[in-house]
Amino acid sequence: MKYAFWPGCVSKGACPELYDSMILTSAKLGIELEEMYDGNCTGAGVISEHEPELADVLNARNFAIAQKMGLDLVNICSTCQGVQSMVQEKLDRDEEHRAKINAQLAEEGLEYKPGLVIKNFMWVLVEDYGLDKLKEKVVRQLDGLRCGPFYGCYILRPSRILGMEEHPERDNYLEQIIEAVGATAVDYEGKDKCCGFPILTNNRKNSLTQAGTHIASAKDQGADCLVTPCPLCHLNLDAQQPSAAEVIQRELGVPIIHLPQLLGLAIGIDPKLLRMNRHVVGTQAVLDKVLATVEA
Amino acid sequence: MKVNLNVKRFDPESDGSTRFQQYDIDMPENSTVLDALIHVREYVDATLALRCSCRSAICGSCAMRVDHRARLACKTKVTDIVSDEGQEITIEPMGNMPVIKDLITDMEVHWSKVRQVVPYLRPTGPPPEREYIVSNEAMLDVAGAVNCIQCGACVSDCPVLEIDKSFIAPAALAKAYRFTGDPRDGTKKERLEMLSNVEGGIWDCTRCNMCVEVCPKDVRPMDRIMQLREQAVAAGVKTNTGVRHGTSFANSVRRLGRLDEMRLFPESVGMFAVPRLLKELPGAFRMLWSKRLMMWTHAIPFAHKPIPGIKHVRRIYDQARSEKKEHSK
Ligand code: SF4
Ligand code: SF4
Ligand code: FES
């Protein structure tokens, strides 16, 4: 199993723990990654908001790079997935548009041809790798760890461009993965809602109220932590959590775990190497539970 | 087939509490959720209150939450929701509005927002001798928004409205676009200024796609909101953090080929918004420290290394922008 790996900007910037844990976890699972060092930002939906055409070319450039490598593309960000699926849908459907975009890529010797497979790591795990195989790799059953899934908007909506017809359970994969590694998936109100990150700069109060409310609702349902495939959600849920707690006037202290970190813990990677110590909200409570499981 | 409904009930004349009631009925295979509910009301429990009229997804009166999502009950088949016979279907009234009884909500929340966006044309200048003439193209652009049947589904499920009652919310903002996009309206700039600067305006949408997902008429309210933002930027309504955020984001990608999220914040709130920046400082330091990120790389612009193919990214940018300029001429 080998993929063209698009790490996204955040895993190479503000969330280095995501990048490191992804590299280690994939290697141990036997998933080969060839990083797209020359890929560019997808625009996270912000560029397409103001300059849609530009966003299309930028994303087509990434697709063409993956195709040149001859591999399916894997990303580790709900937002990247959403933007990539959206642009791809347009390019695959509209030949004229595609020709126009390709004309701009030609100078670099690139061309996008319809049909590239683009998958978030979460989809890869369930659809390509398989939960049974994953279960075999688990050396540290995460029994007793209660995880609230937090998807991130763009990997769920709009469902029509996200392959939900072909894979109707894509809105439930996070729960399936959590259960596959022995942990318990906690059901709570906010799991498919918005973390609020996109309006953090514009309306801090609303942004943090959303983050805080979802964390609180998971906590009320007894979650020890949240697990997310989206680093942008992670920024608002983890790095901003102390501020969110202030805004909603509640104590929170709920660790936010990146999906590859959760897997890494289960397949026996040293928590330090997964950089579990590099979170704003300390993850010790999670580690205590997980390591206790090992001894028991 | 067997249909098991779990319906949220509320009777204003009782003690004000809500409860769920189970109805197990037999319905033809191709029934809609509305058919099932009407069957309950006619033959099982006449006290069940619901609202409907056209039964064919036209009037917009039967929106309710089916399986935790706002939908038109008359457009949703039972088999769209359950795969196995006998599986339970949860039915609740819409969210974000007070419940009058059972599945009937008070939609004043929605109507007040529609009034807020001044939902009628305001032509300026002397009226034409005969009728106003508009091009087909111009109307095609607003046609998507005109398709709205005011069912309120998007209002029900908008997560920003859940936490901020001032948010104008998706349906009314789509309605606003219907007028800013109409060449007969003479108050476009005024409208855009209001929509940008008012509390709960276009920049408060988080782009979560919920309204796009639930809308039964493919109005895609969020896309209209993005169009409103684009119009606001084009019209020179520029005082807003949202606008700066977009510019800063795009510039970062042009400079590096990727996003420098650390610089995004100060550039978005404005480099000179000192009180606001000071308020954010503890948060920023908290993050830099706990992640042991190199503070200096974020303090000095250009310290991040651009991607190898940066010259192509810049070329793509400049080409797209010059085309845009040509276009707007
Ligand atoms: S996209 Fe914006 S308007 Fe639509 S539901 Fe989400 S926050 Fe509300
Ligand atoms: S935009 Fe769609 S969901 Fe919202 S009120 Fe109109 S028809 Fe209903
Ligand atoms: S009854 Fe008219 S839209 Fe459903």
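Residue numbers restart at each chain and count upward from 1, following the sequence in its written direction. For this description, chains carry letters from A and ligands carry numbers from 1, given in the order in which they are written. The predicted nature of this model means local features are confined to residues of pLDDT at least 70 and side-chain atom pairs, given and counted, to a pLDDT of 80 or more, with totals for whole chains, interfaces and linings taken over all residues. Processing note: side-chain calculations cover all non-hydrogen atoms of the structure and skip hydrogens and water entirely.

A.B. asks: Honestly, the overall build of chain B in this entry has me stumped. Any pointers?
C.D. replies: In terms of helices and strands, chain B carries 15 helices and seven strands. Among the 329 residues that make up chain B, the fraction classed as buried is 52%. Any two residues whose heavy atoms approach within 4.5 Å at even a single point are treated as in contact. Nonlocal contacts in chain B, meaning residues at least 24 apart in sequence, comprise 65% of its contacts between residues at least 6 apart. Methods summary: accessible areas were calculated by the Shrake-Rupley approach with a probe of 1.4 Å, and residue burial reflects only the protein chains presented. Total accessible area on chain B is roughly 16,000 Å²; 54% of this is exposed by carbon and sulfur atoms. Secondary structure elements follow DSSP: runs of H or I no shorter than four residues count as helices, runs of E no shorter than two count as strands, and numbering proceeds from the N terminus. Relative accessibility thresholds used throughout: buried, under 20% of the residue-type maximum; exposed, over 50%; partly exposed, between the two (1.4 Å probe, protein chains only).

A.B. asks: Mind showing me how you'd approach the site of ligand 1 here?
C.D. replies: All names here are of chain B. Any residue with a non-hydrogen atom lying within 4 Å of a molecule or strand is treated as near it. The environment of ligand 1 is made up of 14 residues, and the closest members are Cys158, Cys205, Cys208, Asn209 and Cys211. Residue assignment for the shell around ligand 1 shows that the elements contributing at least two residues are helix H6 (159-163), helix H9 (210-214) and helix H10 (221-234). Classes in brief: Ala, Val, Leu, Ile, Met, Phe, Trp, Tyr, Cys and Pro nonpolar; Asp, Glu, Lys and Arg charged; the others, Gly included, polar. Broken down by class, the residue content of the shell around ligand 1 amounts to eleven nonpolar, two polar and one charged.

A.B. asks: What's the story with the site of ligand 2 in this structure? I'm lost.
C.D. replies: Residues in close proximity to ligand 2 include Cys148, Ile149, Gln150, Cys151, Gly152, Ala153, Cys154, Ala171, Cys215, Pro216, Val219 and Pro221 of chain B, which together make up its full environment. The residue inventory of the shell around ligand 2, partitioned by class, reads ten nonpolar, two polar and no charged.

A.B. asks: Hey, could you run me through the sheet that holds strand E3 (residues 63-66) of chain B in this one?
C.D. replies: Strand pairing in a sheet relies on backbone hydrogen bonds. The paired strands run either parallel or antiparallel. All names here are of chain B. Whether two strands pair depends on DSSP finding at least two bridges between them. The five strands are arranged E2-E1-E5-E3-E4 in an open sheet whose pairing can be described as mixed. Only two strands of the sheet have a single partner each, and these edge strands are strand E2 (18-26) and strand E4 (69-72). Averaged over all pairs of adjacent strands, the angle between their axes in this sheet comes to 35°, without regard to strand direction. Angular values range over 0 to 180 degrees, each being the angle between N-to-C directions of two axes fitted as lines to C-alpha atoms, with helices fitted over their stretch in contact.

A.B. asks: Please clarify how unusual backbone geometry should be interpreted in this entry.
C.D. replies: Excluding glycine, a negative phi dihedral is what most residues carry, and trans is how most peptide bonds are arranged. Going from Arg157 of chain A to Pro158 of chain A, the amide bond is cis rather than trans, its omega being -10°. By secondary structure assignment, the location of Pro158 of chain A is in the loop between strand E5 (146-149) and helix H8 (173-180). Look at Val118 of chain B: it is not a glycine, yet its phi comes out positive at around 55°. With respect to the secondary-structure elements, Val118 of chain B resides in the loop between helix H3 (108-116) and helix H4 (136-146). One non-glycine residue, Ala169 of chain B, adopts positive backbone phi at about 75°.

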